[in-house]
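Examination of the molecular architecture
For reference, the chains in residue letters:
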Amino acid sequence: MTVNKRNPQGLLLEEVLLYEQSHSGRMGVDFRAVSLSKDEQRTGLPLRESIELPEVSEPQVVRHFVRLSQKNYGIDSGFFPLGSCTMKHNPRLNEKLARLSGFSQIHPLQPQSTVQGMLELMFNLQNWLNELSGLAQTTLCPAAGAHGELTGIMMIRAAHEDKGNARKVVLVPDSAHGTNPATAAMNGYKIVEIKSDTNGLVDIQALDAAIEKHGTDIAAFMLTNPSTCGLFEPNILNIAEKIHKIGAYFYCDGANFNAIVGKIKPADLGIDVMQYNLHKTFSTPHGGGGPGSGPVSVCAELTPYLPIPLVVKEGDNFKLIEEAPKSIGKIKGYHGQAGMFVRAYAYMLSHGKDGLKQVAEAAVLNANYIMHSLKDDYFMPFNGPCMHECLFTDKQQKETGVTTLDIAKGLTDYGFHPMTTYFPLIVGGAMLIEPTETEPKEAIDEFILTMKELANIAQQNPEAIKQMPQHTPRKRLDEVTAARNPILTYQMSRQTQA
Amino acid sequence: MRYIPLSEQDKQQMLERCGVTDINALFCHAPQHTLDPAYNLPNHMGELEVERHLVSLANKNKDFAHNTSFLGAGCYRHHIPATVDMVIQRSEFLTAYTPYQPEIAQGTLMALFEFQSYISTLTGQPVANASMYDGATAMAEAALMAQRVTKRSNIVYDTDIHPDYKAVLKTYLSHIDGEFTESASPAETVNEQTAAYIVQWPNFKGDIADLNKLKSTCQQQGALLIVVVTEIVALGILPAPNQADIVVGEAQSIGNAMSYGGPHLGFFACQESMVRQMPGRLCGQTTDADGRTSYVLTLNTREQHIRRAKATSNICTNQGLCALAFTVHMSLLGEQGFKQLAQINHQNACHLADALTSLNGVQVLNTTFFNEFVVRLPFSAPKLVADLANEGILAGYALNDTDLLVCATEMTTNEDMHHLVQAIRIEIEGK
Amino acid sequence: MSEVRDELKYTEEHEWVLLHADDTATIGITDYAQSSLGDLVFVELPEEGTTFDQNEEMAVVESVKAASEIYAPLSCEVLEVNKEVEEAPELLNNHPYDDAWIARIKITDKKELEDLMSADDYKDMLEGLV
């Protein structure tokens with residue numbers, strides 16, 4: 001530690017690793033005394049000696065994590081316009097319900113007769129997603145969005161294999177999330193990238209050329225709609241027709257479903273498979289990086305390939321289908337992220353079909369409002385209207401040397417979480433702003449004013465913005481050293497110091 | 001709708017700035033006939049109504065708060081200190097995103113660094129990542145990494161691995177060339193084309209293998225040894241599995257509720273030489289512009305958002321909050337507490353095993369175990385499970401017609417054990 | 001403006017080639033390449049003795065937020081790799097033309113030499129990029 005702890009720092013308290021607070025003999029739990037003699041233990045191996053865990057008391061643990069929490073920024077702290085991530089309000093009701101012992105203290109291998117309420121909830125959630133997508137059936141198994149993509153592509157592969165040819169190629173637009181090409185590659189497919197046109201949309205000529213070249217080697221087209229540029233793909237019906245014509249499947253990355261939930265059914269757009277990110281559209285908390293949940297809905301033709309288990313209703317009883325001849329099999333241990341199902345289901349019930357429609361409309365209105373308010377201050381690579389997120393770049397600031405990174409860091413000094421930066425990759429210096437529907441107009445207006453002020457500072461005093469942030473728990477980090485000489489554990493850190 | 005703040009007046013002002021009069025004008029690029037279809041769904045509900053509905057569903061389940069249980073099989077019931085839930089419900093942790101902006105995410109990052117440190121030291125592996133979805137997917141990813149590291153494609157795995165883990169492995173590898181062999185005798189099946197041998201430790205039936213022997217078998221053939229741990233509490237009593245090249249598994253036991261099978265907490269640890277082949281996020285220590293110790297996600301070029309089709313995995317969102325829960329709970333336990341917890345688990349399991357073997361015709365099949373073992377019953381195991389479930393006792397997991405996998409943890413009381421023993425006694429004497 | 005050395009040949013992928021008399025060559029990445037990649041943190045080099053076709057991926061250099069492939073400028077066999085840049089990738093940022101060569105290769109198809117650019121052509125190409 002290079003910080004002098006006696007420096008006055010107000011409430012920005014410094015905190016060191018628990019390892020550095022450890023003193024032998026301290027404990028944060030009280031257990032009954034136990035000492036196993038050699039002949040008493042039946043592990044067949046000697047008792048573990050030193051583990052090297054820290055030794056601290058409960059008050060120290062509480063204070064440690066409370067102090068750490070104060071160095072974080074969450075949706076509950078303020079506006080979080082992180083494009084593509086749908087950082088919307090997380091209702092506390094959902095947390096409370098997921099913690100009911102009837103949901104949290106049940107075991108995945110209990111007899112099904114003893115978990116009928118849970119199975120009913122899962123069955124209802126499947127039905128809600130079937131109805132919202134217009135597709136035939138939904139699996140709840142995948143653990144996150146990327147895992148849902150993997151499941152979706154596996155089903156597509158299985159369906160093609162069933163017809164005698166797994167095919168070789170998956171088409172992915174160059175504006176796609178990195179998970180799309182990574183998913184297709186993990187499934188053994190070759191990725192053919194489809195260039196975007198000057199409007200940020202799928203270049204139909206490029207698509208035609210790829211179809212011409214690869215024809216029936218194409219297993220699927222993976223499209224994010226609305227796109228990662230925040231645009232609704234106007235040619236989507238046409239694209240679907242082209243894809244179906246060669247017997248390929250139309251996969252939609254549902255990461256941006258928030259723009260159209262309760263407003264448009266993906267099946268009506270010709271989509272065959274779509275994953276949801278329950279931690280985006282249906283508001284299960286991001287938790288600093290997870291857990292998520294990534295159900296997938298599929299068209300009737302793909303239902304035989306759904307992973308197991310699937311929840312069905314037989315008479316008055318709910319049942320897990322755990323074997324199906326053409327199923328791709330199990331994709332995750334047990335039945336999926338059940339705790340997330342409770343939260344998402346509560347969210348859906350709270351909104352209803354009328355509320356979900358409002359979700360999409362307010363999310364889209366908020367984004368367009370920001371787009372129109374900032375179009376003179378930042379470069380807009382594509383014309384709107386946008387959907388639930390709007391895209392700018394740092395092109396207008398180029399001459400000043402101020403970049404997207406600087407604007408993002410500047411925002412943190414003003415108490416905002418930055419927008420998504422440098423994504424999508426098809427424009428230089430991207431700033432992708434997604435306000436979501438749960439922001440009051442005042443917060444959005446304040447953000448707009450701050451963005452204008454940063455654009456102004458960039459013109460007047462670019463050096464000042466390069467020094468931002470100044471008022472955050474940490475200033476800019478040395479990421480280069482972190483990557484050149486990775487220190488990934490306390491033990492490695494000690495070796496480095498020694 | 002209580003979660004959406006825009007008033008009618010707000011909407012009018014905002015539409016005006018957008019230069020339109022109607023919200024549907026903003027959806028002008030969508031095929032117009034697809035807008036606003038009919039949904040066969042209810043309208044919104046108030047908080048009270050939602051709560052009533054979900055409480056009624058929850059009440060239909062037999063939960064462990066009101067029933068006795070001996071179920072384990074990869075998902076364990078342990079006591080979670082109150083502090084854990086307090087911390088993970090802190091807004092700043094619960095509602096934060098992945099810490100891509102480290103200046104305002106040091107809380108999540110330092111906790112991840114502590115998580116990685118704990119997993120590393122528990123497993124005896126030099127590096128650990130910031131979590132995987134669950135133990136089953138972690139094991140599949142370990143097999144994929146072994147293929148990348150060794151440039152071999154065959155995988156051999158032990159028979160007594162959790163059936164879900166085997167099933168997920170099969171699904172993940174289904175399109176990959178190479179042989180996947182189930183084998184309880186690696187000395188005969190691991191050869192110079194084998195990327196890795198996978199063993200669960202303790203295994204699905206509770207037995208604990210000698211890793212030294214497995215290590216030398218693998219080493220002779222240049223194959224990696226992957227050790228899978230589904231009950232991480234075992235690492236408080238067993239020596240660190242540092243013979244392994246990769247240790248993966250499930251850490252739900254510490255800090256995380258069973259929650260009908262998820263969200264749980266996959267972990268992934270391995271040798272330092274493989275760090276650039278690892279899947280998932282890694283948090284590293286560095287300094288900020290003022291030279292203060294700081295934490296940041298690092299080695300990002302392995303990941304999908306940068307490497308795209310060439311990424312080591314497609315994983316993005318992981319189990320961040322579950323890793324935090326683990327870290328808080330493990331911090332409370334500490335060196336002594338964690339060892340004591342493991343010993344209490346083992347002691348209770350030993351008591352249960354003794355009590356059950358005292359019954360006529362009941363036999364414990366394990367020679368070694370930690371907190372879980374197999375009993376052979378003189379009558380139908382599935383029937384016992386079904387019958388006792390009606391009486392509020394979840395007797396365990398029936399492996400086949402006669403064998404029952406039972407588990408005891410620190411939650412298992414003498415009274416619980418007495419109930420199970422009595423129930424089995426009645427069943428025997430009834431015969 | 002990035003430095004371009006007259007005695008070297010170049011590729012469109014911003015690699016340089018120094019030809020030697022005995023059908024061998026030394027290769028590396030250009031000043032322009034290192035400056036557009038930013039601080040390099042990791043280099044993955046091929047094993048000595050490996051052969052590559054022209055334009056085949058032979059190495060990877062990484063910055064914090066990007067990974068870039070290095071393609072074989074010519075069909076070749078790798079004679080020697082520069083272990084020093086593996087140890088200290090920052091050499092590629094500091095001395096792209098001198099200490100931070102990437103590999104010494106044996107050229108297997110001399111016809112391909114025609115595909116390489118002269119220093120002047122490369123300078124023109126860079127100007128076109130600005």
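Predicted, not measured: the structure shown is a model, and the values here were computed from it. (Residues numbered from 1 in each chain as written. Chains lettered and ligands numbered in written order. Predicted model: local features only at pLDDT ≥ 70, side-chain atom pairs only at ≥ 80, totals over all residues. Heavy atoms only, no water.)

Here we come to the sheet that holds strand E5 (residues 194–200) of chain B. All names here are of chain B. Pairing within the open sheet is mixed, and its seven strands lie in the order E2-E8-E7-E6-E5-E3-E4. Each edge of the sheet is formed by a strand with only one pairing partner; in this case those strands are strand E2 (127–128) and strand E4 (180–182). Pairing of strand E3 (residues 154–157) with E5, which is carried by four bridges, proceeds in the parallel orientation. Pairing of Asn 154 across the sheet is with Thr 194, part of E5. (Pairing = 2+ DSSP bridges. Helix = DSSP H or I, 4+ residues; strand = E, 2+ residues; numbered from the N terminus.)

All right, on to the nonpolar core then. Of all hydrophobic cores here, the largest spans 145 residues; its most connected members are Ile198(B), Ile246(B) and Phe326(B). By residue number, the principal contributor to this core is helix H11 (residues 320–357) of chain B, which donates 13 residues. Sequence-distant contacts of Ile198(B), defined by excluding residues within four places in its chain, comprise Met139(B), Ala143(B), Ile155(B), Val156(B), Tyr157(B), Asp158(B), Ile161(B), Leu169(B), Ile226(B) and Val228(B). Counting 115 residues, the second largest nonpolar core, distinct from the first, contains Val192(A), Ala367(A), Val20(B) and Leu35(B). (Core = buried A, V, L, I, M, F, W, Y, C linked by side-chain atoms within 4.5 Å. Buried < 20%, exposed > 50% of the residue type's maximum accessible area, 1.4 Å probe, protein only. Contact = heavy atoms within 4.5 Å.)

By the element assignment, Ser350(A) lies in helix H9 (residues 338–374). For Ser350(A), a relative accessible area of 0% corresponds to the buried category. Leaving out residues up to four positions away in the same chain, Ser350(A) has contacts with Leu93(A), Met1(B), Arg2(B), Tyr3(B), His44(B), Met45(B) and Val50(B).

Enumeration according to the criterion identifies 56 salt bridges over all chains in this entry. Between Arg67(A) and Glu15(A) there is a salt bridge whose closest N-O contact spans 3.3 Å. A residue pair is termed long-range when its members are at least 10 positions apart, and Arg67(A) in helix H1 (residues 58–69) and Glu15(A) in the segment before H1 qualify at 52 residues. Shared partners join several salt bridges into a network, and the residues in it are Glu95(A), Arg99(A), Arg343(A) and Asp85(B). (Salt bridge = Lys/Arg side-chain N within 4 Å of Asp/Glu carboxyl O.)

Turning our attention to the layout of surface pockets. A volume near 1300 Å³ is recorded for the second largest pocket. Taken together, 38 residues make up the lining of the second largest pocket; nearest its centre are Arg148(B), Lys151(B), Gln277(B), Arg307(B) and Glu44(C). Taken together, the elements giving at least two residues each to the lining of the second largest pocket come down to helix H6 (179–186) of chain A, helix H6 (135–150) of chain B together with strand E4 (40–44) and strand E6 (57–63) of chain C. Looking at the lining of the second largest pocket residue by residue, the classes come out as 17 nonpolar, nine polar and twelve charged. (1 Å grid on protein atoms, 1.4 Å probe; cavity = no way out; pocket = protein on both sides within 12 Å on 5 of 7 lines; lining within 4 Å. Points joined across faces, edges and corners; volume = space filled by probe spheres on them. Nonpolar A, V, L, I, M, F, W, Y, C, P; charged D, E, K, R; others polar.)

Turning to unusual backbone geometry, a few remarks are in order. For the peptide bond that leads from Gly290(A) to Pro291(A), omega is 0°, which places it in the cis range. As for its placement among the helices and strands, Pro291(A) is situated in the loop between strand E6 (273–275) and strand E7 (296–298). Residue Ile308(A) is joined to Pro309(A) through a cis peptide bond whose omega torsion reads 0°. Summarising the element assignment, Pro309(A) is placed in the loop between E7 and strand E8 (310–314). For Arg308(B), which is not glycine, the phi torsion reads 50° and is therefore positive. Relative to the helices and strands, Arg308(B) is located in the loop between helix H10 (304–307) and H11.

Right, let's talk about the domain arrangement of chain B for a bit. Residue and element names in this part refer to chain B. The assigned domain composition of chain B is domain 1 (68–79 + 334–430) and domain 2 (83–329). When each unit is reduced to the centre of its C-alpha atoms, the spacing between domain 1 and domain 2 is 29 Å. Taken together, the contact between domain 1 and domain 2 spans 26 residues of the former and 23 residues of the latter. Between domain 1 and domain 2, a total of about 1900 Å² is buried, with carbon and sulfur atoms accounting for 66% of that surface. Among the residues domain 1 hides against domain 2, the three largest losses belong to Tyr 76, Phe 338 and Phe 370. Together they make up 30% of the total. (Domains from an automatic or database assignment. Buried area = accessible area lost by both parts, 1.4 Å probe.)

With 205 residues of chain A in contact, the opposing surface of chain B contributes 186 residues. For the pair chain A and chain B, the summed buried area comes to about 16900 Å², and 63% of that belongs to carbon and sulfur atoms. It is Arg42(A), Arg48(A) and Leu488(A) that lose the most area in chain A upon contact with chain B, and together they represent 5% of the buried surface on that side. Inspection of the region where chain A meets chain B yields ten salt bridges.

Residues and elements named next belong to chain C. On the surface, a cluster of negative charge is made up of Glu 44, Glu 84, Glu 86, Glu 87 and Asp 99. You can see Glu 87 is positioned in helix H2 (residues 83–87). A relative accessible area of 70% means that Glu 87 is categorised as exposed. (Patch = residues over 30% accessible without salt bridge, like charges linked within 9 Å, V, L, I, M, F, W, Y side chains within 5 Å. Areas by Shrake-Rupley, 256 points an atom, 1.4 Å probe, with all protein chains shown as cover. Lys, Arg positive; Asp, Glu negative; His and termini not counted. Charge placed at Lys NZ, Arg CZ, Asp CG, Glu CD.)

Here we take up helix H5 (residues 106–123) of chain B. Between its terminal C-alpha atoms H5(B) stretches 25 Å, which fits the 26 Å expected from 18 residues at 1.5 Å a residue. The buried fraction of H5(B) is high, at 18 of 18 residues. (Expected span 1.5 Å × (residues − 1).)

The subject of this paragraph is the side chain of Glu372(B). Residues and elements named next belong to chain B. Structurally, Glu 372 is set in strand E12 (residues 372–376). Engagement of the side chain of Glu 372 in a polar contact is seen with the backbone nitrogen of Ala 73, the distance being 2.4 Å. Side chain to side chain, Glu 372 and Tyr 76 meet in a polar contact 2.6 Å long. (Polar contact = N/O pair within 3.5 Å; in protein donor to acceptor, adjacent residues only side chain to side chain.)

On to the pairing of strand E2 (residues 169–173) of chain A. Residue and element names in this part refer to chain A. Taken across its five residues, E2 has five buried, putting it largely inside the fold. Of the two faces of E2, the one carrying Val 169, Leu 171 and Pro 173 and the one carrying Val 170 and Val 172 are both buried. Inspection of the sheet shows E2 paired to strand E3 (residues 190–194) by five bridges, in the parallel sense. In the strand pairing of E3, Pro 173 is matched with Ile 194.

By a widely used convention, the size of an interface equals the accessible area lost when the partners come together. Contact residues are listed per partner, giving six residues for chain B and eleven residues for chain C. Of the roughly 670 Å² buried where chain B meets chain C, counting both sides, 45% is carbon and sulfur surface. Among the residues of chain B in contact with chain C, Arg276(B), Thr301(B) and Arg307(B) are the three that bury the most area, contributing 59% of the side total. Across the chain B-chain C interface, the total number found is four salt bridges. Notably, a salt bridge pairs Arg276(B) with Glu62(C), separated by 3.7 Å at the nearest N-O pair. Counted by class, the side of chain B that touches chain C contains one nonpolar, two polar and three charged residues.

On to the sheet that holds strand E14 (residues 397–398) of chain B, then. Residues and elements named next belong to chain B. Across the sheet, which stays open at both edges, the four strands sit in the order E11-E12-E15-E14 with antiparallel pairing between neighbours. On the outer flanks of this sheet lie strand E11 (363–364) and E14, each paired with one strand and no other. Strand direction decides the pairing type here: E14 and strand E15 (residues 403–407), joined by two bridges, are antiparallel. Each residue of the ladder has a partner; that of Ala 398, found in E15, is Leu 404. Strands E11, E12 and E15 of the sheet are contacted by H11, whose axis makes an angle of about 5° with E12. Across the sheet, helix H12 (residues 381–390) lies against E14 and E15, angled at about 50° from E15, the strand it touches most. (Axes fitted to C-alpha atoms, helices over the stretch in contact; angles between N-to-C directions.)

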